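Results of the structural survey
Chain residues, written in single-letter form:
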Amino acid sequence: QVELVESGGGLVQPGGSLRLSCAASGRTLSRYSMGWFRQAPGKERETVATIHWNSGRTRYGVSVEGRFSIARDNAKNTVYLQMNNLKPEHPAVYYCAATSGTIYPSGVPFDSRRYDVWGQGTQVTVSS
């Protein structure tokens, strides 16, 4: 099974930018649709962005649309989340996850419960 490791989190000032990376090993990501999710203490996990395994079609959560961008580089077996205009809020752990394009060949689920493989997470704190 594919294994995922997130990196790039940390402390950033409001209005700043940060790019998260999700590096895969074990299998190529080319056959997996990917998602980024985040969870703050005491809050539900929310879907941030998804990208289709083949078409590259993307979808964003309403709270981040226009500010965040998901991308993939299959040659590097890595998925990215570019976060711009970050807003001050409680720290959240950002996770990347994979779901099989064999199971979902045409569409990409937005529900985190449909994702099978998860990274360990990387914390992002936006504060002055």
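Preceding block: the structure.
Structural notes, computed from the coordinates.

Definitions and cut-offs
Residues numbered from 1 in each chain as written. Predicted model: local features only at pLDDT ≥ 70, side-chain atom pairs only at ≥ 80, totals over all residues. Heavy atoms only, no water. Buried < 20%, exposed > 50% of the residue type's maximum accessible area, 1.4 Å probe, protein only. Helix = DSSP H or I, 4+ residues; strand = E, 2+ residues; numbered from the N terminus. Pairing = 2+ DSSP bridges. Phe/Tyr/Trp six-rings, centres within 6.5 Å; stacked < 30°, edge-to-face > 60°. Lys NZ or Arg CZ within 6 Å of the ring centre and 35° of its normal. Polar contact = N/O pair within 3.5 Å; in protein donor to acceptor, adjacent residues only side chain to side chain. Contact = heavy atoms within 4.5 Å.

Residue alternation in strand β7 (residues 68–73) divides its side chains into a buried set, Phe68, Ile70 and Arg72, and an unburied set, Ser69, Ala71 and Asp73. Note: β7 against strand β8 (residues 78–83), six bridges, orientation antiparallel. Looking at the pairing, Ile70 lines up with Leu81 of β8. In this antiparallel pair of consecutive strands, β7 and β8, the connection spans four residues, and Asn77 shows a positive phi of 55°.

What describes a pair of aromatic rings is the distance from one ring centre to the other and the angle between the planes of the rings. Summed over all chains, the structure comprises three aromatic pairs. On the numbers, 5.0 Å between centres and 70° between planes, the contact of Phe37 with Tyr115 is edge-to-face. Within this pair, whereas Phe37 is found in strand β4 (residues 32–39), its partner Tyr115 is found in the loop between β9 (89–100) and β10 (117–118), the two being separated by 78 residues in sequence. According to the relative accessible area criterion, Tyr115 is buried, its value standing at 5%. With 4.9 Å between their ring centres and 45° between their planes, Phe37 and Trp118 make a pair best called tilted. Taken as a pair, Phe37 in strand β4 and Trp118 in strand β10 lie far apart in primary sequence, 81 residues in all. Geometry around Phe110 places Arg59 over its ring, the cationic atom sitting 3.8 Å from the centre.

On to unusual backbone geometry. Positive phi outside glycine occurs at Asn77, with the angle close to 55°. Within the fold, Asn77 resides in the loop between β7 and β8. Even without being a glycine, Asn85 presents a positive backbone phi close to 50°. For Asn85, a relative accessible area of 39% translates into the label partly exposed.

Moving on: the side chain of Ser112. For Ser112, the location among the structural elements is in the loop between β9 and β10. A distance of 3.1 Å separates the side chain of Ser112 from the side chain of Arg45, its partner in a polar contact. In this view, Ser112 contacts Phe37, Arg45, Thr47 and Trp118; residues no more than four positions away in its chain are not counted.

Considering the arrangement of structural elements, one finds Ser25 in strand β3 (residues 18–25). Of the residues examined, Ser25 reaches a relative accessible area of 37% and is grouped as partly exposed. Once the C-alpha coordinates of Ser25 and Val2 are considered, the two residues, 23 residues apart in sequence, prove to be 5.7 Å apart. With residues near it in sequence (within four places) discarded, Ser25 still touches Gln1, Val2, Glu3 and Asn77.

Burial runs high along β8: five of the six residues are buried. Bridging between β3 and β8 involves six bridges; their strand directions are antiparallel. By the bridge assignment for β8, Leu18 is matched with Met83.

Functional significance is not addressed by these values, which are geometric in nature.
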